[in-house]
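# Architecture at a glance
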Amino acid sequence: MASLRPNRCYRDVDKPPYTRKEYVKGVPQPKVVHFIMGNLSAEFPVKVNLIAKKPIQIRHNALEAARVAANKYLTKMCGRLGYKFQIRTYPHQILREHKMATGAGADRISDGMRLAFGKPIGTAARVKEGQPILTVWVNPDKFPAAKEALRRAAMKLPVPCRIVIEQGKDLLKL
């Protein structure tokens, strides 16, 4: 399997949305396994969001890496049922790549950029400025763990992020 192209090839929101999977053959499934984790039935008073500071496309493998990092830390610090964690974006945007033949003799078999539409290679989530990417609900005593989990998840994402307390600010001793 070929390696992935760098994210700088796909992170800018410069093209129109391309999301109609029913018209495109062979779109790979997103690597994100779960979008909601933790204790789904409990009500937690504190809600903390990870918010994007600028518009960007986040690839599905970056979302999965952020999910794994945050979920692992939350499970360790809060226990299996001490939190609720949700990914708020879905990778709808189809990413395409035009593979060019290189090397000796490639000029005879390649058409260059003629009719270069590209084959689907993955998906990405389009995120607007100020849009929440990840959300964690916890009890007030576990707020530092939620904040650290979101900080670790933000390191896996290709966008500068900020952590915002949306609900339960009055319960915290900051």
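Refer to the structure printed above.
All of the points below concern the structure found in this document. (Residues numbered from 1 in each chain as written. Predicted model: local features only at pLDDT ≥ 70, side-chain atom pairs only at ≥ 80, totals over all residues. Heavy atoms only, no water.)

## Points about the environment of Ala42
Defined as follows: Helix and strand definitions here come from DSSP, where helices need a minimum of 4 consecutive H or I residues and strands a minimum of 2 consecutive E residues; each element is numbered from the N-terminal end.
When you line up the elements, Ala42 lands in the loop between strand 1 (36–38) and strand 2 (46–52). When the C-alpha atoms of Ala42 and Pro16 are compared, they prove to be 40 Å apart, with 26 residues separating the residues in sequence.

## Some remarks on the pattern of salt bridges
Here is the rule: The term salt bridge refers to a pairing of a side-chain nitrogen on Lys or Arg with a carboxyl oxygen on Asp or Glu at a separation within 4 Å.
Scanning the entire structure with this criterion turns up 5 salt bridges. Here Glu148 makes a salt bridge to Arg151, at a shortest N to O gap of 2.7 Å. Here Arg151 and Glu148 lie together in helix 3 (residues 143–155), a separation of 3 residues that amounts to about one turn. A salt bridge links Arg152 to Glu148; the nearest nitrogen and oxygen atoms lie 2.9 Å apart. Separated by 4 residues within a single helix, Arg152 and Glu148 lie in helix 3, roughly one turn from each other. Salt bridges sharing common partners tie together Glu148, Arg151 and Arg152.

## Thoughts on the nonpolar core
The condition is simple: Throughout, nonpolar core names a set of buried Ala, Val, Leu, Ile, Met, Phe, Trp, Tyr and Cys residues whose side chains join them through atoms within 4.5 Å. Buried, partly exposed and exposed residues are distinguished by accessible area as a fraction of the type maximum, computed with a 1.4 Å probe on protein chains only: under 20%, between the cut-offs, and over 50%, respectively. We call two residues in contact when some of their heavy atoms are within 4.5 Å.
Counting 36 residues, the largest nonpolar core has Ile58, Leu63, Phe85, Ile133, Leu134, Leu157 and Val159 as its most contacted members. Secondary structure elements with two or more residues in this core: strand 2, strand 3 (56–59), helix 1 (60–78), strand 4 (83–87), strand 6 (119–127), strand 7 (132–138), helix 3 and strand 8 (161–167). If we skip the residues at most four places from it in the chain, Leu157 touches Leu50, Ile58, Ala62, Leu63, Ala66 and Ile133.

## Here we look at the packing of aromatic side chains
We count it as follows: Two aromatic rings, drawn from Phe, Tyr or Trp (for Trp, its six-membered ring), form a pair once their centres lie within 6.5 Å of each other, and the interplanar angle then sorts them: stacked below 30 degrees, edge-to-face above 60, tilted otherwise. Put simply, a charge is over a ring when the Lys NZ or the Arg CZ is close to the ring centre, within 6 Å, and near the line of the ring normal, within 35 degrees.
On inspection of all chains with the given rule, the structure shows 1 aromatic pair. Ring centres of Phe35 and Tyr90 lie 5.3 Å apart, and the angle between their planes is 35°; on these two criteria the pair is classed as tilted. Of this pair, Phe35 sits in the segment before strand 1 while Tyr90 sits in the loop between strand 4 and strand 5 (93–97); the two residues are 55 residues apart in sequence, bridging distant segments of the chain. Classification of Tyr90 as partly exposed rests on a relative accessible area of 35%. Cation over ring: Lys84 sits above Trp137, and NZ or CZ is 4.7 Å from the ring centre.

## As for the side chain of Thr89
Structurally, the position occupied by Thr89 is in the loop between strand 4 and strand 5. Excluding residues that lie within four positions of it along the chain, Thr89 makes contacts with Phe35, Leu63, Ala125, Val127, Gln131, Pro132 and Ile133.

These results come straight from atomic positions and should not be treated as a statement about function.
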